[in-house]
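The primary structure of each chain is shown beneath.
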Amino acid sequence: MLSPRMMPSLIRQLSSVSTKMPCHSLNLSESQTRAMWRAADCVCFDVDSTVCMDEAIDELAKFAGREKEVADLTERAMKGGMTFREALEQRLQLIQPDMQMVETYIRENPPRLSPGIEELVGHLQSRGVAVYLVSGGFQSIIEPVATELGIPHENIFANQLKFYFNGRYAGFETNQPTSNQDGKARVIQYLKKKFGYQRVVMVGDGATDLAACPPADAFIGYGGNQIREKVKAASPWFVESFSDLVKELSMA
Ligand SMILES: [Mg+2]
């Protein structure tokens, strides 16, 4: 288990992992992906629109009354010409999430978990599979999600908001691997190296989830909340319900 004390060295190690963007996903067939899923020793879940039904940054923008501006920026970012980090930076500049806003947001917005995720995580953990939450979202907003799912907080890899002493927004921790476009790939590479996982499966709805395979050994596309056509097309196995994943486990 990782203690908070180990975080600085962990960040250093993660940052030194290759920054090269994986250019293609592994060419596994659906049946090979299913087999990898049944045999996985580590599963990494994306959070926004995967474990949770919504996108935390959009919800936070709504809460701050900047929904429209942030949505416009997200759309521009998705059309390209902006790095993941720039898009994150600019959206947060619009939202200006101070400490009080984040605390109130968390208190008033308990996690909206996707149907079946609790059962799925429970199944995996009872099989001894390590479960991680790997997200481009924020640690403080994801912690209640992890608590609800019985996932230790040290198994969260996400971005960290920074505040000035008076609680005002002061940016985010740019040393966190997840603040990069290929951050999820870096986290998985780190986990494999650190814990010796042999069969890591990434589950998610987005392009950055897909890009984490490799180093992940398999990718499963999830479309229960949002279907991203490019991700669906590139996924050897695409599910719209977590019950499909539970069912597959019972075949092992
Ligand atoms: Mg997502």
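Residues numbered from 1 in each chain as written. Predicted model: local features only at pLDDT ≥ 70, side-chain atom pairs only at ≥ 80, totals over all residues.

**Q** Sorry, what's going on with the UniProt feature "active site" (unreviewed entry) in the protein chain here?
**A** Under the local residue numbering, the UniProt record ascribes the feature "active site" (unreviewed entry) to Asp46 and Asp48. The class of Asp46 is buried, set by 24 C-beta atoms lying within 10 Å. Residues within four places of Asp46 in sequence aside, it is in contact with Val134, Ser135, Val203, Gly204, Asp205, Gly206 and Asp209. By the element assignment, Asp48 lies in helix α3 (residues 47-51). Its 23 C-beta neighbours within 10 Å are what place Asp48 among the buried residues. (UniProt positions renumbered as here; feature names shortened; annotations may be inferred. Buried ≥ 20, exposed ≤ 12 C-beta atoms within 10 Å, placed from the backbone. Contact = placed C-beta atoms within 7 Å. Helix = DSSP H or I, 4+ residues; strand = E, 2+ residues; numbered from the N terminus.)

**Q** How do you make sense of the packing of helix α5 (residues 67-78) against helix α6 (residues 84-95) when you look at a structure like this?
**A** Axis angle and axis distance: for two packed helices, these are the angle between their axes and the distance between the axes, and together they describe the pair. For the pair α5 and α6, interaxial distance at closest approach is 10 Å and the crossing angle is 170°. With respect to α6, the axis of α5 lies roughly antiparallel. Residues Glu69, Val70, Leu73, Thr74 and Ala77 of α5 lie in contact with α6, whose contacting residues are Ala87, Gln90, Arg91, Leu94 and Ile95. Among the residues forming the contact of α5 with α6, the class breakdown is six nonpolar, two polar and two charged. (Axes fitted to C-alpha atoms, helices over the stretch in contact; angles between N-to-C directions. Parallel < 35°, antiparallel > 145°, perpendicular 65-115°, else oblique. Nonpolar A, V, L, I, M, F, W, Y, C, P; charged D, E, K, R; others polar.)

**Q** Would you explain the packing of helix α8 (residues 117-126) against helix α13 (residues 242-249) in this entry?
**A** At a minimum axis separation of 9 Å, α8 and α13 run at an interaxial angle of 25°. If you check the angle between α8 and α13, you find them roughly parallel. Two packed elements cross with a definite hand, and for α8 against α13 that hand is left-handed. Contacts from Ile117, Glu119, Leu120 and His123 of α8 reach α13 at Phe242, Leu245, Val246 and Leu249. For the contact of α8 with α13, the per-class residue count stands at six nonpolar, one polar and one charged. (Left-handed = near helix turned anticlockwise from the far one by under 90°.)

**Q** I would appreciate a short explanation of the pairing of strand β6 (residues 200-204) in the present structure.
**A** When a strand is regular, its side chains alternate between the sheet's two faces. The buried fraction of β6 is high, at five of five residues. Neither face of β6 is left uncovered, since the one carrying Val200, Met202 and Gly204 and the one carrying Val201 and Val203 both have all their residues buried. Here strand β1 (residues 42-45) runs beside β6; their pairing, made up of four bridges, is parallel. Each residue of the ladder has a partner; that of Phe45, found in β6, is Val203. Pairing analysis gives four bridges linking β6 to strand β7 (residues 218-222), with the strands arranged parallel. (Pairing = 2+ DSSP bridges.)

**Q** When you look at unusual backbone geometry in this model, what are you seeing that I'm missing?
**A** Of the consecutive residues Cys213 and Pro214, the connecting peptide bond is found in the cis state with omega at -10°. By the secondary structure assignment, Pro214 is in the loop between α11 (207-210) and β7. Across the junction of Pro214 and Pro215, the peptide omega takes the value 10°, indicating a cis bond. For Pro215, the position within the fold is in the loop between α11 and β7.

**Q** Hey, could you run me through the sheet that holds strand β3 (residues 156-159) in this one?
**A** In sheet architecture, strand pairing relies on hydrogen bonds along the backbone and comes in two forms, parallel and antiparallel. One open sheet holds the six strands; their spatial order is β3-β2-β1-β6-β7-β8, and the pairing between them is parallel. Whereas interior strands pair on both sides, the edge strands pair on one side only; in this sheet they are β3 and β8 (237-239). Ignoring strand direction, the axes of neighbouring strands in this sheet form an average angle of 20°. Across three bridges, the pairing between β7 and β8 is parallel. Across the sheet, the residue bridging to Tyr222 is Val239, located in β8.

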